Amino acid sequence: MNRALTNKILITLAFLFAYRVLAYVPVPGVNADVIAEFFNHNQNNALGLFNVFSGGAAERFSIISLGIMPYITASIIMELLAATFPNIGKMKKERDSMQKYMQIIRYATIVITLVQSIGVAIGLQSLHGGGGSSAIMIEDLNMFIALCAISMLAGTMLLMWLGEQITQRGIGNGISLIIFAGIVSGIPRAISGTVGQINSGEMNFLTAFAIFILILITIGAIIYVELGERRIPISYSRKVVMQNQNKRIMNYIPIKINLSGVIPPIFASAILMFPTTILQTSTNSYLQAINDFLNPNGYLFHALTFIFVIFFAYFYASIAFNAKDIADNLKKQGGFIPGIRPGEGTSNYLNEVASRLTLSGSIYLGLIATLPWVLVKFMGVPFHFGGTSVLIVVQVALDTMRKIEAQIYMSKYQTLSAVGL
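Quick caveat, the model's predicted, so the values are computed rather than measured.

Parameters and conventions
- Residues numbered from 1 in each chain as written.
- Predicted model: local features only at pLDDT ≥ 70, side-chain atom pairs only at ≥ 80, totals over all residues.
- Heavy atoms only, no water.
- Helix = DSSP H or I, 4+ residues; strand = E, 2+ residues; numbered from the N terminus.
- Buried < 20%, exposed > 50% of the residue type's maximum accessible area, 1.4 Å probe, protein only.
- Contact = heavy atoms within 4.5 Å.
- Areas by Shrake-Rupley, 256 points an atom, 1.4 Å probe, with all protein chains shown as cover.
- Expected span 1.5 Å × (residues − 1).
- Arc of directions from axis to C-beta.
- Polar contact = N/O pair within 3.5 Å; in protein donor to acceptor, adjacent residues only side chain to side chain.
- Pairing = 2+ DSSP bridges.
- Axes fitted to C-alpha atoms, helices over the stretch in contact; angles between N-to-C directions.
- Parallel < 35°, antiparallel > 145°, perpendicular 65-115°, else oblique.
- Left-handed = near helix turned anticlockwise from the far one by under 90°.
- Nonpolar A, V, L, I, M, F, W, Y, C, P; charged D, E, K, R; others polar.
- Patch = residues over 30% accessible without salt bridge, like charges linked within 9 Å, V, L, I, M, F, W, Y side chains within 5 Å.
- Salt bridge = Lys/Arg side-chain N within 4 Å of Asp/Glu carboxyl O.
- Phe/Tyr/Trp six-rings, centres within 6.5 Å; stacked < 30°, edge-to-face > 60°.

## Quick look at the overall build of the protein chain
Stage number 1. Of regular secondary structure, the protein chain possesses 17 helices and four strands.
Stage number 2. Residues classed as buried in the protein chain amount to 44% of the 421 residues present.
Stage number 3. Look at the contacts in the protein chain between residues 6 or more apart in sequence, and 77% of them connect residues 24 or more apart.
Stage number 4. Carbon and sulfur atoms make up 64% of the accessible area of the protein chain, which totals about 22100 Å².

What follows is the structure in structure tokens.
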């Protein structure tokens, strides 16, 4: 392994370690025991799912309790605006305007974080432990709200900065790796909890074994689909082939079955968890009823998850796969798809293929995000197995491995080029 790649991996691990340290830095003025007791009684609802994505930071009421979800929510809003308004869409494509686009996302993240943190701080005043002790240890409520908002805002900004640093200086997508690290950090605890349920008789050993097999099948299905692709054959004119006799020319266009990657389940989770984060602390009966409907342990939540995943799969695939640009580049390079007219004909053909693949890919994402929970629910097991978490972990792991392999191949290519020179 070359030194540059080693340094990138070490930088990535260092930033992820910093993320895990921040998960143990509490917001000032909070009774940690009351918060931990509250989350212990809410493992199978929205707060339990939110705690998984935050890497356990929520149950400690850390400064990064809100996780990276405010940033993801802001990104969703900007993606929707970019698809609706052409001027905003152009900002993403132009290098100079891209910085302004990202700056708007950061400002939106600040607003969303402040709204969520203030809502959580206000809701904590009605939270008490089993012995009647309050979750807030500061008598001045306004002072606590200010401390909570500032602390959580600083934590979310630090988390966003860590993600950007990993993307720029490390390996892989920083935001995805932070979510990955948060989910993986809870695996040892989940295993020990399952073992404890088996020892106490709450869970049968055969049931635990069946869940283990279900997890392996889910992982295998994800790997199989993620590595699958449709290869569109490409031919080049004789002139282009003669000019590139000593160069490798790709003779196909690879189109992945899942064009949108891990984005749809993350977006769907962010959309569904945003209202439940606010509604969970409300005492209004109507708002509580809405919160109960959105409980992750209910069928409505997973039905909405399935719908949102399919929607975002189509939405993000239309952004990630630009058939017109591919067709224009092929035409400039003298390439064409046999039997398909260059230019607009190629663009329409690629759009049709991508649309069919997106249909199967979106259904696959929706089933992975919901089906494991449904199966475990039918078993009647007090165990939360989320396909979304497994999907994110496997996809991020595969994507990171691809980037590491690309770095290795690039290093070998540069070495051979230097030797040839």
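What follows picks up the thread again.
## Thoughts on the environment of Asn348
Stage number 1. Mapped onto the elements of the fold, Asn348 is located in helix H16 (residues 344–379).
Stage number 2. The sequence separation of Asn348 and Lys324 amounts to 24 residues, and the corresponding C-alpha distance is 8.2 Å.

## Some remarks on helix H4 (residues 69–84)
Stage number 1. With 16 residues, H4 extends 23 Å from end C-alpha to end C-alpha; this agrees with the ideal 22 Å at 1.5 Å per step.
Stage number 2. Listed in full, the buried residues belonging to H4 are Met69, Pro70, Tyr71, Ile72, Thr73, Ala74, Ser75, Ile76, Met78, Glu79 and Ala82.

## A closer look at helix H2 (residues 32–40)
Stage number 1. When we look at burial in H2, the residues that qualify are Val34, Ile35 and Phe39. Angular distribution of buried residues about the axis of H2 spans 130°; they occupy a single face of the element.
Stage number 2. Where H2 starts, the residue carrying a side-chain oxygen 3.2 Å from the main-chain nitrogen of Asp33 turns out to be Asn31.

## Some thoughts on the pairing of strand E3 (residues 252–256)
Consecutive side chains along a regular strand alternate between the two faces of the sheet.
Stage number 1. Residue alternation in E3 divides its side chains into a buried set, Ile253 and Ile255, and an unburied set, Tyr252, Pro254 and Lys256.
Stage number 2. Pairing of strand E1 (residues 229–233) with E3, which is carried by five bridges, proceeds in the antiparallel orientation. What sits directly across from Arg230, in E3, is Ile255.

## Examining the environment of Tyr314
Stage number 1. Relative to the elements of secondary structure, Tyr314 occurs in helix H14 (residues 299–320).
Stage number 2. On the basis of relative accessible area, Tyr314 is assigned to the partly exposed category, the value being 33%.
Stage number 3. As a C-alpha pair, Tyr314 and Gly361 span 47 residues in sequence and 9.2 Å in three-dimensional space.
Stage number 4. Here Tyr314 is in contact with Ser355, Thr358, Leu359 and Ser362, once residues within four sequence places are set aside.

## Overview of the packing of H4 against helix H6 (residues 95–124)
Stage number 1. With their axes 8 Å apart at the nearest point, H4 and H6 run at an angle of 130° to one another. When the axis of H4 is compared with that of H6, the two are oblique. The handedness of the crossing between H4 and H6 comes out as right-handed. Along its contact with H4, which presents Pro70, Tyr71, Thr73, Ala74, Ser75, Ile77, Met78, Glu79 and Ala82, the element H6 presents Tyr101, Met102, Ile104, Ile105, Ala108, Thr109, Ile112, Thr113 and Gln116.
Stage number 2. Taken together, the residues of the contact of H4 with H6 sort by class into 12 nonpolar, five polar and one charged.

## Points about the packing of H4 against helix H5 (residues 86–93)
Stage number 1. Packing of H4 against H5 brings their axes to within 5 Å, and their N-to-C directions diverge by 115°. By the angle class used here, H4 and H5 are roughly perpendicular. Crossing angle aside, the handedness with which H4 passes H5 is left-handed. Taken together, the residues of H5 that come into contact with H4 (itself represented by Met78, Glu79, Leu81, Ala82 and Thr84) are Pro86, Ile88, Gly89 and Lys92.
Stage number 2. In terms of residue class, the contact of H4 with H5 is built from five nonpolar, two polar and two charged.

## Things to note about a nonpolar patch on the surface
Stage number 1. A contiguous nonpolar surface patch, about 740 Å² in accessible area, is contributed by Phe205, Leu206, Phe209, Phe212, Ile213, Leu216 and Ile217.
Stage number 2. Checked against the element boundaries, Leu216 lands in helix H10 (residues 205–226).

## Regarding the packing of aromatic side chains
What characterises a pair of aromatic rings is the spacing of the ring centres plus the angle enclosed by the ring planes.
Stage number 1. Per the counting criterion, the structure on display carries four aromatic pairs.
Stage number 2. Each ring, one from Phe15 and one from Trp161, has its centre 5.8 Å from the other, and the planes form 85°; the classification is edge-to-face. With Phe15 in helix H1 (residues 3–22) and Trp161 in helix H7 (residues 141–169), the pair connects residues that are 146 residues apart, well separated along the chain.
Stage number 3. Phe15 sits in the buried class, given a relative accessible area of 12%.
Stage number 4. Taking the relative accessible area as the measure of exposure, Trp161 reaches 41% and is therefore partly exposed.
Stage number 5. With centroids separated by 6.2 Å and ring planes inclined at 10°, the aromatic side chains of Phe311 and Phe315 adopt a geometry described as stacked. Remark: Phe315 and Phe311 occur in helix H14; sequence separation between them is four residues, near one turn of the helix.
Stage number 6. The class for Phe311 is partly exposed, based on a relative accessible area of 42%.

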